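The primary structure of each chain is shown beneath.
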Amino acid sequence: MSEIREASFSATGSLTRDEYDEGAKAAGLFRQGRAMAALGTVFLAAAGVTPSPGGLTVRPGSLGIAVAYGLVVLLVLPRWAVARGFRTGRASEDKRVVVDGTGIEVFRGGESQRIVWDEVRRYHETPRLHVFVGRSRRRKCLVVLPKRLFTAPGENDLLAVFAHARAGDRS
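Residues numbered from 1 in each chain as written. Predicted model: local features only at pLDDT ≥ 70, side-chain atom pairs only at ≥ 80, totals over all residues. Heavy atoms only, no water.

Observations regarding the packing of aromatic side chains
Here comes step 1: Under the defined criterion, the tally for this structure stands at 4 aromatic pairs.
Here comes step 2: On the basis of an interplanar angle of 55° and a centroid distance of 5.6 Å, the ring pair of Phe9 and Phe162 is categorised as tilted. Of the two residues, Phe9 is situated in strand β1 (residues 9-13) and Phe162 in helix α5 (residues 155-166); the sequence distance between them amounts to 153 residues. Here Phe9 matches Phe162 in class, with each residue buried.
Here comes step 3: The interplanar angle of 75° and the centroid separation of 5.8 Å between the aromatic rings of Trp117 and Phe162 together place this pair among those described as edge-to-face. Taken together, the positions of Trp117 in the loop between β6 (111-116) and β7 (120-125) and Phe162 in helix α5 put the pair 45 residues apart, joining distant regions of the chain.
Here comes step 4: Residue Trp117 is classed as buried on the basis of its relative accessible area, which comes to 4%.
Here comes step 5: Chaining the aromatic ring pairs together yields one cluster made of Phe9, Trp117, Tyr123, Phe132 and Phe162.
Here comes step 6: Lying over the aromatic face of Phe107, Arg96 brings its terminal NZ or CZ to 4.3 Å of the ring centre. (Phe/Tyr/Trp six-rings, centres within 6.5 Å; stacked < 30°, edge-to-face > 60°. Helix = DSSP H or I, 4+ residues; strand = E, 2+ residues; numbered from the N terminus. Buried < 20%, exposed > 50% of the residue type's maximum accessible area, 1.4 Å probe, protein only. Lys NZ or Arg CZ within 6 Å of the ring centre and 35° of its normal.)

Rendered as structure tokens:
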């Protein structure tokens, strides 16, 4: 186990939009927001229905607003946020990533960003990806590493063991 603690993994490459979408889904970035949006939709819809002596009075305008709100916040907004994250994070550019005992460092061009292990909150593994979720200086960080970038035999399995030992699931 001590050799795993001293391990260092390095990969160079870029993400596809499909991989980024899968990483965001695995990280569960929108679960809490979707629950709040659903609750807001229910409250808006409830405001459009009032009890009356003859039964319930339904105001179609209020229900229409609730449906529009629900569609936008539950379906459109999360897709837009992921697309924006892909573009602004310049995920499709070539990067070099080093995962070692101190944390994860992403090199892009002449700049780099380091996330130490104390800032990494969760690690998820999918059949195609290693996904790290953390916080750095009040910003949520998502590091998605495609398994296809690690070509040495057994390297993906060793990285998964290393990541679970370092980050685990601290949620």
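Things to note about the side chain of Asn156
Here comes step 1: Mapped onto the secondary structure, Asn156 falls in helix α5.
Here comes step 2: Of the polar contacts made by the side chain of Asn156, one reaches the backbone oxygen of Lys147; its length is 3.2 Å.
Here comes step 3: Those residues in contact with Asn156 that lie beyond four places of it in its chain are His130, Lys147 and Phe150. (Polar contact = N/O pair within 3.5 Å; in protein donor to acceptor, adjacent residues only side chain to side chain. Contact = heavy atoms within 4.5 Å.)

Concerning the pattern of salt bridges
Here comes step 1: Under the defined criterion, the tally for this structure stands at 8 salt bridges.
Here comes step 2: Note that Arg128 is salt-bridged to Asp18, the shortest N-O span being 3.0 Å. Of the two residues, Arg128 sits in the loop between β7 and β8 (129-136) while Asp18 sits in helix α2 (residues 17-27), which places them 110 residues apart along the sequence.
Here comes step 3: The closest approach of N and O atoms between Asp100 and Arg114, which form a salt bridge, is 3.8 Å. Of this pair, Asp100 sits in strand β4 (residues 95-100) while Arg114 sits in strand β6; the two residues are 14 residues apart in sequence, bridging distant segments of the chain.
Here comes step 4: In the salt-bridge network here, residues are joined through shared partners; they are Asp18, Glu22 and Arg128. (Salt bridge = Lys/Arg side-chain N within 4 Å of Asp/Glu carboxyl O.)

A closer look at helix α4 (residues 60-88)
Here comes step 1: Taking 1.5 Å per residue, 29 residues should reach 42 Å; α4 reaches 39 Å between its end C-alpha atoms and fits that length.
Here comes step 2: At Val76, α4 shows its largest bend, some 35°, and a proline, Pro78, comes one to four positions later. (Expected span 1.5 Å × (residues − 1). Bend = angle between axes of the 7 residues up to and from the residue.)

None of the figures reported here should be taken as evidence of function without further support.
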